[in-house]
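Results of the structural survey
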Amino acid sequence: MKNLFEHTSAPWIRYNGYEYKTDDNGGFYITVSKDAKPEMYRPMQEAGQLVIDALNVGLAAMHKVPEEELKESVLGFVQKYGFLGFMTALPTTADFIIYESVYLPKNHFIKAETLSTEDYLSYFYPFNRLDFRKSGVESGWSVADREGIAITMAMGNAPQAVTMGFQKEYAERYDWIVKEFTDLAFTFMTSFLYYLDYASTDEDTRNLYRQGISAFGGIAPTYRIALEKDSPVIVWDFHSLLVMVQMCFSFMLTDKDSDMRMCKHCKKAFIASRKGNEFCSPQCKNQFNVYKSRGKKKGNKKDD
């Protein structure tokens, strides 16, 4: 169990430009910019920072920062890591294209438990549709531009929907992204406060914390077994960035040796460089101490 994610098949695609766009029904989306270029990378190589960045977007939403500031934070995350991959994360399988319909477990965004493939795809292609055709379980789609063809070839044996989600026509709703990150931040805050306030709270309050955190349910990634030189290994297949964030966050939160903390001053999540570190930077530590000393001086004046 030491290196749980040592063997991970998780390449992801990000573009060098994204922007906001509103559809005819008022839906607010993030889309790939017109002349943006794709790049393949491996997010597991920066999993810790990926989780911290997602948490801080969610914490910003929880702290009710100005809407324009939150929009900038969400777009900044997508610029850095790419889309979350809702299209392949929400159904019961990322291979939903090969079935007659799309089957959905309970989720925050789509209430129907079953949808036709075309209706489901419409959630993710609100502006420009892919050249996609389906009859029963048979389907086909074509890619005309050079970059789309390169992505299709690069993704190899990934489910067809994963490759479709990397095309320029794909888009994700802003409010869906905010909701996912807010849920992540709520779970983090619940765990943080539970242990911080444990000695000063009664059992009823602790039960409320426990119930709150139990509502967080991640989506399990698929895995396979590969025969390597010395022994068989588990290879994880993350078919969406969302599932990767949820899984890595869950392990970071529950790891006794985890250095994931919340800054005592700015209230942002960070990975501590040493045990017991309560601040994300020397600047935050200095500012906290300044405010604390000012507070003491004011208190002394009142006493006088």
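Okay, so let's go over this structure.

Cut-offs applied
- Residues numbered from 1 in each chain as written.
- Predicted model: local features only at pLDDT ≥ 70, side-chain atom pairs only at ≥ 80, totals over all residues.
- Heavy atoms only, no water.
- Helix = DSSP H or I, 4+ residues; strand = E, 2+ residues; numbered from the N terminus.
- Buried < 20%, exposed > 50% of the residue type's maximum accessible area, 1.4 Å probe, protein only.
- Contact = heavy atoms within 4.5 Å.
- Areas by Shrake-Rupley, 256 points an atom, 1.4 Å probe, with all protein chains shown as cover.
- Lys, Arg positive; Asp, Glu negative; His and termini not counted.
- Charge placed at Lys NZ, Arg CZ, Asp CG, Glu CD.
- 1 Å grid on protein atoms, 1.4 Å probe; cavity = no way out; pocket = protein on both sides within 12 Å on 5 of 7 lines; lining within 4 Å.
- Points joined across faces, edges and corners; volume = space filled by probe spheres on them.
- Salt bridge = Lys/Arg side-chain N within 4 Å of Asp/Glu carboxyl O.
- Pairing = 2+ DSSP bridges.
- Axes fitted to C-alpha atoms, helices over the stretch in contact; angles between N-to-C directions.
- Parallel < 35°, antiparallel > 145°, perpendicular 65-115°, else oblique.
- Core = buried A, V, L, I, M, F, W, Y, C linked by side-chain atoms within 4.5 Å.

Focus: the overall build of the protein chain
Helices and strands together make up the secondary structure of the protein chain, namely 10 helices and 14 strands. A principal-axis box enclosing the C-alpha atoms of the protein chain has dimensions of 80 × 55 × 40 Å. Taken across its 304 residues, the protein chain has 42% of its residues classed as buried. Summarising the internal contacts of the protein chain: among those between residues at least 6 apart in sequence, 62% fall at separations of at least 24. Accessible surface for the protein chain amounts to roughly 17400 Å². Of this, 50% is attributable to carbon and sulfur atoms. Side-chain charges in the protein chain split into 37 positive and 39 negative, and the spacing between the mean points of these groups amounts to 9 Å.

Describing empty space enclosed by the protein
Inspection of the entire model under this criterion finds two cavities of 30 Å³ or more. In this structure, the largest cavity encloses a volume near 110 Å³. Lining the largest cavity are 16 residues, with Trp12, Gly85, Gly165, Phe166 and Tyr170 sitting closest to its centre. Mapped onto the lining of the largest cavity, the elements with two or more residues apiece are β2 (12–15), α3 (86–89) and α6 (160–164).

Topic: the layout of surface pockets
A volume near 580 Å³ is recorded for the largest pocket. Lining the largest pocket are 21 residues; nearest its centre among them are Phe188, Phe192, Met260, Arg261 and Met262. For the lining of the largest pocket, the secondary structure elements donating two or more residues are α7 (174–196), α9 (241–254) and β13 (260–262). Sorting elements by how many residues they give to the lining of the largest pocket places α7 first, with seven residues.

So, the pattern of salt bridges
Scanning the entire structure with this criterion turns up 11 salt bridges. For lysine 37, the salt bridge is made with glutamate 147, and the minimal N-O distance between the two is 3.0 Å. Highlighted residues: lysine 37 in the loop between β4 (28–32) and β5 (38–41) and glutamate 147 in helix α5 (residues 146–154), separated in sequence by 110 residues. Between lysine 71 and glutamate 68 there is a salt bridge, and its shortest N-O distance comes to 3.4 Å. In this pair, lysine 71 and glutamate 68 are both assigned in helix α2 (residues 67–81), three residues apart and thus about one turn of the helix distant. Connected through salt bridges with shared partners, the residues Lys37, Glu147 and Lys168 form a single ionic network.

Describing the sheet that holds β4
What the three strands build is an open sheet, ordered β3-β4-β10; its pairing is antiparallel. Edge positions in the sheet fall to β3 (18–22) and β10 (171–173), since each has one partner strand and no second. Between one strand and the next, the sheet's axes are offset by a mean angle of 30 degrees, whatever the strand orientation. Bridge count between β3 and β4: five bridges; the pairing is antiparallel. Following the sheet pairing, lysine 21 is matched in β4 by tyrosine 29. In this fold α2 packs onto β3 and β4, with an angle of close to 130 degrees to the strand it touches most, β3. This element, α7, spans β3, β4 and β10 of the sheet and lies at about 60 degrees to β10.

Topic: the packing of α7 against α9
Interaxial distance between α7 and α9 falls to 12 Å at its minimum, and their mutual angle equals 5 degrees. One way to sum up the angle between α7 and α9 is to call them roughly parallel. From α7, Glu180, Leu184, Thr187, Phe188 and Ser191 reach across to α9, where they touch Leu242, Val245, Gln246, Phe249 and Leu253.

A closer look at the pairing of β4
The element β4 is largely enclosed, with a buried count of four among its five residues. Adjacent in sequence and paired antiparallel, β3 and β4 are bridged by five residues, among which glycine 26 carries a positive phi angle near 90 degrees. Sheet analysis places β4 next to β10, joined by three bridges and oriented antiparallel. Of the residues in β10, the one forming a bridge with tyrosine 29 is arginine 173.

Here we look at the nonpolar core
Buried together is how nonpolar side chains tend to be arranged in soluble globular proteins. Ranked by size, the top nonpolar core spans 75 residues in total, and within it Phe77, Phe86, Met87, Tyr120, Met164 and Leu241 carry the most contacts. The element that contributes the greatest number of residues to this core is helix α1 (residues 47–62), accounting for 10 residues. Once you skip the residues sitting within four places of it in the chain, leucine 241 turns out to touch Trp12, Tyr41, Pro43, Leu50, Phe77, Tyr81, Gly82, Phe83 and Leu84.

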